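Chain by chain, the residues run as shown.
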Amino acid sequence: MKYDVLVIGGGIAGIEASLTLGDAGFEVLLVEKDPSIGGHMIQLSKVFPTTDCAGCITTPKMAAAASHPKVHLMTYSEVKEVQKTGKEFRVKVLKKPRYVEEDLCIGCGRCEEVCPVLVPREFDYGIVGRKAVYIPFEMAVPKKAVLDLEHCMMCGRCERACPKDAINFLQEPEEVEITVKAIIVATGYNLFPPERKKEYSYTGNLTLIHTNLNPNIIHAMQMERLLAPSRPYHALLRPGDGKVPERVAWVLCTGSRDKSLGNPLCSRVCCMYSVKQALLYTSAIPFGEAAIYYMDIRAFGKGFEEFYTMVRDLGVYFIRGKVARIESRNGNPVVIVEDTETGEIREDEYDMVVLSVGLLSNPELSEILGIDTNSYGFYVPPDENANPVATKVDGIFVAGTATCPKDIPDTVAEAAAAAAQCIAYLKEVGT
Amino acid sequence: MAEKQAKKELTVKKLRDKGVKPREEVIEMAKEQRKIIKQISECLKAGPKTIPEIAFEINMPVGIVAWYVLTMFKYGQVEPGEEIDGYYKYKLVAKGGGK
Ligand SMILES: Cc1cc2nc3c(=O)[nH]c(=O)nc-3n(C[C@H](O)[C@H](O)[C@H](O)COP(=O)(O)OP(=O)(O)OC[C@H]3O[C@@H](n4cnc5c(N)ncnc54)[C@H](O)[C@@H]3O)c2cc1C
Ligand code: SF4
Ligand code: SF4
């Protein structure tokens, strides 16, 4: 199969780049490793500083990519090999078995209804369950079921219930060979795993709660899910016991600007997303008390300072100090910190604590693509100032958080830049 | 439905015939899950309860009960009723109801 461009990663960067290229008349193959496109953005509640609904922005773009005549989606697939010969790249893509025939499945969810096995749901970072066969999320594109054979009892209920005979346990991984003239890498970021910051006592798996770890200490993406209009619960509740949280704290720089964890970088979005979450929380729970523990607030973008000041004026507490530990008292998390403005050692009890985790790199394709990363694993162009979306391989471009932590507007701008560079390159080599 | 089953051999059976079996841990986990859901459902038959009340009654860690009750809500098996002191009371959804 031949395409003009392979875009790797179906987050907002990859979707945006694919649509720009498709609109310019190029044939694009968008390869996404998860069962749906959308990336991290589709999991967010609202976006700072405008507080526009993230799903309302992302869903139409996902649908546009799926229905674009020039954009072809290959989800649940991974790039395994890339070879450049002359002006072309020969690429091997592995299509993982869904055990569901994509062309037959109508996304009705009957299989999920009857399946007896529960598994922590990835889309909600485990705060609720899904079944062994499941639709990844309501707005998934494509909206097709996936069967997780690792957690399947092989009882056959789903297969009997499917009205379209779409379940197929005999599916095998399929290797697809394609040829393209250019590649855009938009593989995004990995979330800092908060269990690595031992002092903050994050539980990790809510179904395996240990006595010394508190399920009311969650990470910021879990908070995004609790705040999102598509949230898994019926109200904003803490996961540990279903209580409406009346006091919530955010601990900034969890896993960022922390040499002891090997990541001295600032993640650029945690200050602002925490301010946003505090605002959304106090809007959802009007009598709720919100506090943010910070080292300094980095409100660097357009409208960010005004947003921060507005939230502060609305009554959100800002306490300056690096949190030393989080302990538990009667099921409530207790934040232990030195307030560096007063010198006081504080022990503050909350209903729920949100760890504002940072953005780490996702360098998994660097060897396959032969492109450089910096010492933190982010892809680096040969000359960052002259051309931030280029790589050392002619015809391979990078976009979005694959190159460094950034917010959505910067990600989208970079995706457009990568697409524009790619178009110029395609014209140069001839399509 | 019976006619459909008679006509078509399930692919899951064909996979089993090839010697592929489910993992022992999954079968154990599913058994445990069924037991917990049954305990929660039995407990709610007596009337609506908050998550801590269910946990106390069935003598299980409240965090685990919360995960199951909220997952049961997602699948339309329970629904929230009144809220008292920040805790909702959940009740069973009559069969055939749900989201
Ligand atoms: C808690 C939190 C809240 C945030 N809130 C905001 C906000 O309010 N406003 C804002 O501007 N920004 C916010 N951000 C930042 C925002 O999430 C990012 O700027 C944006 O999502 C980056 O998009 P991306 O496409 O670069 O990466 P991603 O969203 O990470 O997308 C990458 C995609 O590539 C796929 N992929 C990865 N590896 C491969 C592979 N090998 N093969 C194929 N596919 C692959 C992934 O599955 C994913 O779909 C927030 C971040 C966090 C953590
Ligand atoms: S696999 Fe069948 S039952 Fe499941 S969502 Fe698709 S069509 Fe519906
Ligand atoms: S065969 Fe597997 S996925 Fe299908 S219903 Fe049974 S446990 Fe669930």
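What counts, and where the lines are drawn
Residues numbered from 1 in each chain as written. Chains lettered and ligands numbered in written order. Predicted model: local features only at pLDDT ≥ 70, side-chain atom pairs only at ≥ 80, totals over all residues. Heavy atoms only, no water. Helix = DSSP H or I, 4+ residues; strand = E, 2+ residues; numbered from the N terminus. Rg over C-alpha atoms; globule rule 2.2 N^0.38 Å. Buried < 20%, exposed > 50% of the residue type's maximum accessible area, 1.4 Å probe, protein only. Areas by Shrake-Rupley, 256 points an atom, 1.4 Å probe, with all protein chains shown as cover. Near = heavy atom within 4 Å. Nonpolar A, V, L, I, M, F, W, Y, C, P; charged D, E, K, R; others polar. Disulfide = S-S within 2.5 Å. Pairing = 2+ DSSP bridges. Axes fitted to C-alpha atoms, helices over the stretch in contact; angles between N-to-C directions. Right-handed = clockwise from strand over helix to strand, strands pointing away. Polar contact = N/O pair within 3.5 Å; in protein donor to acceptor, adjacent residues only side chain to side chain. Contact = heavy atoms within 4.5 Å. Core = buried A, V, L, I, M, F, W, Y, C linked by side-chain atoms within 4.5 Å.

## Overview of the overall build of chain A
- Counting its regular elements, chain A contains nine helices and 24 strands.
- In terms of C-alpha radius of gyration, chain A reaches 22 Å, essentially the compact-globule figure of 22 Å for 431 residues.
- For chain A, the spread of C-alpha atoms along the principal axes amounts to about 65 × 60 × 35 Å.
- Within the span of chain A, comprising 431 residues, buried residues form 59% of the whole.
- Taken as a whole, chain A presents about 16800 Å² of accessible surface, with 50% of it coming from carbon and sulfur.

## Things to note about the site of ligand 3
- Lining the immediate environment of ligand 3, one finds 14 residues, of which Cys 115, Cys 152, Cys 155, Gly 156 and Cys 158 of chain A sit closest.
- Of the residues belonging to the shell around ligand 3, the class tally is 12 nonpolar, one polar and one charged.

## Focus on the state of the cysteines
All names here are of chain A.
- Summed over all chains, the structure comprises one disulfide over all chains.
- Put simply, Cys 53 and Cys 56 are joined by a disulfide, and their sulfur atoms are 2.5 Å apart. Here the S-S torsion is close to 85 degrees, and the disulfide linking Cys 53 with Cys 56 is therefore right-handed.
- On the basis of relative accessibility, which here comes to 52%, the residue Cys 56 falls in the exposed class.

## What about the sheet that holds strand 19 (residues 323–329) of chain A?
All names here are of chain A.
- The strand order across the open sheet built from three strands is 19-20-21, with neighbouring strands paired in antiparallel fashion. Of all strands in the sheet, those with a lone pairing partner are strand 19 and strand 21 (345–349), marking the two edges. For this sheet the average axis-to-axis angle between neighbouring strands, irrespective of direction, equals 20 degrees.
- Here six bridges tie strand 19 to strand 20 (residues 332–338), and the two strands are oriented antiparallel to one another. In the sheet register, Ile 326 faces strand 20, and the bridge partner there is Val 335.

## So, the pairing of strand 18 (residues 317–320) of chain A
Residue and element names in this part refer to chain A.
- As paired strands, strand 17 (residues 289–294) and strand 18 are joined by four bridges and run parallel to one another. Within the sheet, the bridge partner assigned to Tyr 294 lies in strand 18 and is Arg 320.
- Where the polypeptide runs from strand 17 across helix 7 (residues 304–313) and back to strand 18, its parallel neighbour, the crossover connection is right-handed.

## Quick word on the sheet that holds strand 13 (residues 182–185) of chain A
All names here are of chain A.
- Taken in spatial order, the five strands make up an open sheet running 5-2-1-13-24, and their pairing is parallel. Either end of the sheet is taken by a strand with one partner, and the two such strands are strand 5 (71–74) and strand 24 (396–398). Averaged over all neighbouring strand pairs, the angle between strand axes comes to 20 degrees, with direction disregarded.
- Pairing between strand 2 (residues 28–31) and strand 5: four bridges, direction parallel. Bridge assignment links Val 31 to a residue of strand 5, and that residue is Met 74.

## Observations regarding the side chain of Lys 406 of chain A
All names here are of chain A.
- Secondary-structure assignment places Lys 406 in the loop between strand 24 and helix 9 (408–429).
- One polar contact links Lys 406 to Thr 403, side chain to side chain, over a distance of 2.7 Å.
- A polar side-chain atom of Lys 406 sits 3.2 Å from a polar atom in the side chain of Glu 414.
- When near neighbours in sequence (up to four residues on either side) are disregarded, Lys 406 contacts Arg 268, Val 269, Leu 359, Gly 400, Thr 401, Thr 411 and Glu 414.

## Some points on the pairing of strand 1 (residues 5–8) of chain A
Residue and element names in this part refer to chain A.
- Burial along strand 1 is two-sided: Val 5 and Val 7 and Leu 6 and Ile 8, pointing in opposite directions, are all buried.
- Bridge count for strand 1 against strand 2 is four bridges, and the pairing is parallel. Residue pairing for strand 2: Val 7 is matched across the bridge by Leu 30.
- For the segment spanning strand 1, helix 1 (residues 12–23) and strand 2, crossover handedness is right-handed.
- In this sheet, strand 13 lies alongside strand 1 in parallel orientation, the contact comprising four bridges. In the strand pairing of strand 13, Val 5 is matched with Ala 182.

## Observations regarding the nonpolar core
- Ranked by size, the top nonpolar core spans 93 residues in total, and within it Trp 250 of chain A together with Ile 40 of chain B carry the most contacts.
- Ile 15, Met 62, Ala 418 and Leu 426 of chain A belong to the second-largest nonpolar core, a separate cluster that totals 33 residues.

Functional significance is not addressed by these values, which are geometric in nature.
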